[in-house]
Amino acid sequence: MTISVEPTLLGGERTLDCRALQNRARALDRALKPAFVAHDRGARNLERLFEGEVLCITTGQQPGLITGPLFTVYKALTAIALARSCAKALGRDVVPVFWVAGDDHDFAEANHYYSLTLTNTVERVVLRERSLDGPSMPLYRERLGPDIDAVMTAVVAHSSETEFRPAVLEWLTRHYEPTHDLASAFAGALAELLGSQGLVVFRPTHVAAKTAMAPLLLDVLAAARAVDTGLQDRAAELQRTGRDAPVPVGSGATPVLIEARLGRDRLVIDGERFVARRSAESWTLSEIGTLTREEPERLSPNVLLRPVVEAALFPTLAYVAGPGELAYFPQCDPLYRQLDVEPQATVARWSGRVIETRVAKVLDKYGVAVDDLATPEGHLEAALVKDDMPQDASESLAALRRAVGQEYQRLRDAAATIDPTLKKSVQSAQNTTLSAINDIERRLITHLKKRNETVVQQIAKARANLFPLGRPQERTFTVVPYLIRYGNGFLDTIMDAVPAALPQVESSPRTS
């Protein structure tokens, strides 16, 4: 394996206390089974969920094109590793479950992925755009259609022919094919990719899942005013203590969404009725109750209610979260109380950078740290080529700056004895002179860059690999190119790195 990984810290607790949470172990209702997708060891884990006392480690993400950003896979691998750690500590089955948030309607986030081409440029590959005036359809209703063929063509065009590429392409095309929707394609691809690691994938958009959720959503709507007040009070409490409350609450907005005429829409309290915020359609609580029996798929929880619903459906020890989720989880407390659900713990997902050998060689050659590449383009290159500045030029520029500082100080002092207001004029002149010196230095560096084009190009390539578009690698690239280059050994490398970042599990021994 010609890669290494460099973990980056996301924070979170260093211990996971399972002593109380382990008592929630139970078997799932078999009516939920059709909502799951599983392969290989994941399929065996799925059976365990319905056989007896079992616990879960959960995580989740909205669907992404070609499996979405790398951090999605990192979340799943963290959940798998944590489930194994908890199973060992507790002496019982702990199953990793991935919740595919297919109700999400942000198509602009899910309709593309970024690829590093063979010429080392970062290219945005788009399935298609959605009209801003069109309905906000949930992703589970968004068919891939024939546009997916162009996406798959781009996957091939941007990758080298390796021993692993045929299998990766077969895996992708089994799931990302025209008749599938974005959520189903994502769920199937992830379940197959990580099935050998024991992952089970849950589709909350399946009618079986929606039917199970319906009573919980109705309970929240029945207490909508109290819930609204509780969420506002909780947000205010967090802010008073210096913590974030990133999810907007209040104004009668409930944590329940409905598929209405203009797509997925927030339900807002309006007297004795609930109104869809954008389409202005309205329903009584009784009418929504009828809807949950006839078309349960039309209702869904928002980001604050979703983890509560999950904890109600599954015997969950902990949720593996990204930084955004860790920030908003404290806002959920009133919803846990309303539904009388014990909150699961939260654990930060593993985060890291993949450093391929060709990139590591560039870093070693120029003595560059990974974080040095996070600076704006051109800064690091300028610093490196500046070392090649002729000694006479460097010494002359330094001497000029010293002389300007000293002589202009003398001139300021002298001018002040004539008229104190002249000090500003002298300072302005000094700044102009220093600017001219800086301009000369920039011109020298520009010419040095041209002479050191190889340095500039190699640093640019390293930056494109580790900080594409100025963003973290894990938030930009997908797992696909790494699988094409390294096969499933890539996943093994990440799995080897994850345990070191996991919290220590505190538990009571299981009694027989």
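Summary of the structure given here. (Residues numbered from 1 in each chain as written. Predicted model: local features only at pLDDT ≥ 70, side-chain atom pairs only at ≥ 80, totals over all residues. Heavy atoms only, no water.)

1. Regarding the environment of valine 73
At step 1: Note that valine 73 resides in helix 2 (residues 70-90).
At step 2: Spatially, the C-alpha atoms of valine 73 and lysine 423 are 61 Å apart, while their sequence positions differ by 350 residues.
At step 3: Leaving out residues up to four positions away in the same chain, valine 73 has contacts with Val479 and Leu491. (Helix = DSSP H or I, 4+ residues; strand = E, 2+ residues; numbered from the N terminus. Contact = heavy atoms within 4.5 Å.)

2. Brief notes about the sheet that holds strand 15 (residues 345-348)
At step 1: Strand order in the open sheet made by the six strands is 3-8-5-4-14-15, with mixed pairing throughout. Each end of this open sheet is capped by a strand with a single partner; those strands are strand 3 (36-38) and strand 15. Put simply, the sheet's adjacent strands are angled 30 degrees from each other on average, direction ignored.
At step 2: Where strand 4 (residues 55-61) and strand 5 (residues 94-100) come together, seven bridges link them in parallel fashion. Along strand 5, the bridge assignment pairs threonine 59 with phenylalanine 98.
At step 3: Along the sheet, helix 2 makes contact with strand 4, strand 5, strand 14 (316-321) and strand 15, crossing strand 4 at roughly 170 degrees. (Pairing = 2+ DSSP bridges. Axes fitted to C-alpha atoms, helices over the stretch in contact; angles between N-to-C directions.)

3. Focus on empty space enclosed by the protein
At step 1: Tallying each qualifying case throughout the model produces two cavities of 30 Å³ or more.
At step 2: For the largest cavity, the full set of lining residues is Ile66, Tyr113, Ser115, Val155, His158, Ser159, Thr478, Val480, Pro481 and Ile484.
At step 3: Of all elements in the fold, only strand 6 (112-116) and helix 18 (480-486) reach the threshold of two or more residues within the lining of the largest cavity.
At step 4: Of all the elements, helix 18 adds the most residues to the lining of the largest cavity, at three residues.
At step 5: The residue inventory of the lining of the largest cavity, partitioned by class, reads six nonpolar, four polar and no charged.
At step 6: Here the second largest cavity is characterised by a volume of approximately 50 Å³. (1 Å grid on protein atoms, 1.4 Å probe; cavity = no way out; pocket = protein on both sides within 12 Å on 5 of 7 lines; lining within 4 Å. Points joined across faces, edges and corners; volume = space filled by probe spheres on them. Nonpolar A, V, L, I, M, F, W, Y, C, P; charged D, E, K, R; others polar.)

4. Topic: the pattern of salt bridges
At step 1: The full count for this structure, using the stated rule, is 27 salt bridges.
At step 2: For glutamate 259, the salt bridge goes to arginine 141, with nearest N and O atoms at 2.5 Å. Here glutamate 259 is found in strand 9 (residues 253-260), whereas its partner arginine 141 is found in the loop between strand 7 (122-126) and helix 4 (148-157), with 118 residues between them in sequence.
At step 3: Given the relative accessible area of 36%, arginine 141 is considered partly exposed.
At step 4: Across the pair glutamate 356 and arginine 358 runs a salt bridge whose closest N-O atoms are separated by 3.3 Å.
At step 5: Relative accessible area serves as the criterion here: at 2%, glutamate 356 is assigned to the buried category.
At step 6: When salt bridges that share partners are traced, they join Arg128, Arg130, Glu142 and Asp147 into one network. (Salt bridge = Lys/Arg side-chain N within 4 Å of Asp/Glu carboxyl O. Buried < 20%, exposed > 50% of the residue type's maximum accessible area, 1.4 Å probe, protein only.)

5. Observations concerning the side chain of arginine 306
At step 1: By the secondary structure assignment, arginine 306 is in helix 10 (residues 306-313).
At step 2: Here arginine 306 falls in the buried class, since its relative accessible area comes to 10%.

6. Looking at unusual backbone geometry
At step 1: With a phi angle near 60 degrees, serine 251 is a residue other than glycine that sits in the positive phi range.
At step 2: For serine 251, the location among the structural elements is in the loop between helix 8 (224-240) and strand 9.
At step 3: Judged by its relative accessible area of 72%, serine 251 is exposed.
At step 4: One non-glycine residue, aspartate 340, lies in positive phi territory at about 55 degrees.
At step 5: By the element assignment, aspartate 340 lies in the loop between helix 12 (333-338) and strand 15.
At step 6: Judged by relative accessible area, aspartate 340 falls into the exposed class, the value being 71%.

7. Description of the packing of aromatic side chains
At step 1: Following the criterion strictly, the structure yields eleven aromatic pairs and no others.
At step 2: When the centroid spacing of 4.9 Å and the interplanar angle of 50 degrees are considered together, the rings of phenylalanine 36 and phenylalanine 202 count as tilted. Placement of phenylalanine 36 in strand 3 and of phenylalanine 202 in strand 8 (residues 200-202) is noted, with a sequence separation of 166 residues between them.
At step 3: By the ring-pair criterion, three or more aromatic residues cluster together here, those being Phe36, Phe50, Trp99, Phe202 and Phe314.
At step 4: Looking at arginine 306, its charged tip hangs above the ring of tryptophan 99, at a distance of 5.5 Å from the centre.
At step 5: A cation over a ring is seen here: arginine 475 above phenylalanine 71, with NZ or CZ 4.7 Å from the ring centre. (Phe/Tyr/Trp six-rings, centres within 6.5 Å; stacked < 30°, edge-to-face > 60°. Lys NZ or Arg CZ within 6 Å of the ring centre and 35° of its normal.)

8. Some words on the layout of surface pockets
At step 1: In this structure, the largest pocket occupies an estimated 1,100 Å³ of space.
At step 2: What lines the largest pocket is a set of 47 residues, among which Gln61, Gln62, Asp104, Glu109 and Val303 lie closest to the centre.
At step 3: At the level of secondary structure, the elements contributing two or more residues to the lining of the largest pocket comprise strand 4, helix 2, helix 3 (107-110), strand 6, strand 10 (263-270) and helix 11 (323-328).
At step 4: Broken down by element, the residue count for the lining of the largest pocket peaks at four residues, all from helix 11.
At step 5: Looking at the lining of the largest pocket residue by residue, the classes come out as 18 nonpolar, 14 polar and 15 charged.
At step 6: There is about 390 Å³ of room inside the second largest pocket.
At step 7: Every residue lining the second largest pocket is counted, 17 residues in all, and those nearest its centre are Glu13, Phe329, Gln344, Ala345 and Thr346.
At step 8: Those elements that provide at least two residues to the lining of the second largest pocket are strand 2 (15-17), helix 12 and strand 15.
At step 9: Of the residues assigned to the lining of the second largest pocket, the class counts are nine nonpolar, four polar and four charged.

9. Quick notes on the packing of helix 13 (residues 357-366) against helix 17 (residues 453-466)
At step 1: Look at helix 13 against helix 17: their axes get within 10 Å of each other, and the N-to-C directions meet at 130 degrees. Considering the angle they form, helix 13 stands oblique to helix 17. When you trace helix 13 past helix 17, the crossing you get is left-handed. Across the interface between the two elements, Arg358, Val359, Val362, Leu363, Lys365 and Tyr366 of helix 13 pack against Val455, Gln458, Ile459, Ala462, Asn465 and Leu466 of helix 17.
At step 2: In terms of residue class, the contact of helix 13 with helix 17 is built from eight nonpolar, two polar and two charged. (Parallel < 35°, antiparallel > 145°, perpendicular 65-115°, else oblique. Left-handed = near helix turned anticlockwise from the far one by under 90°.)

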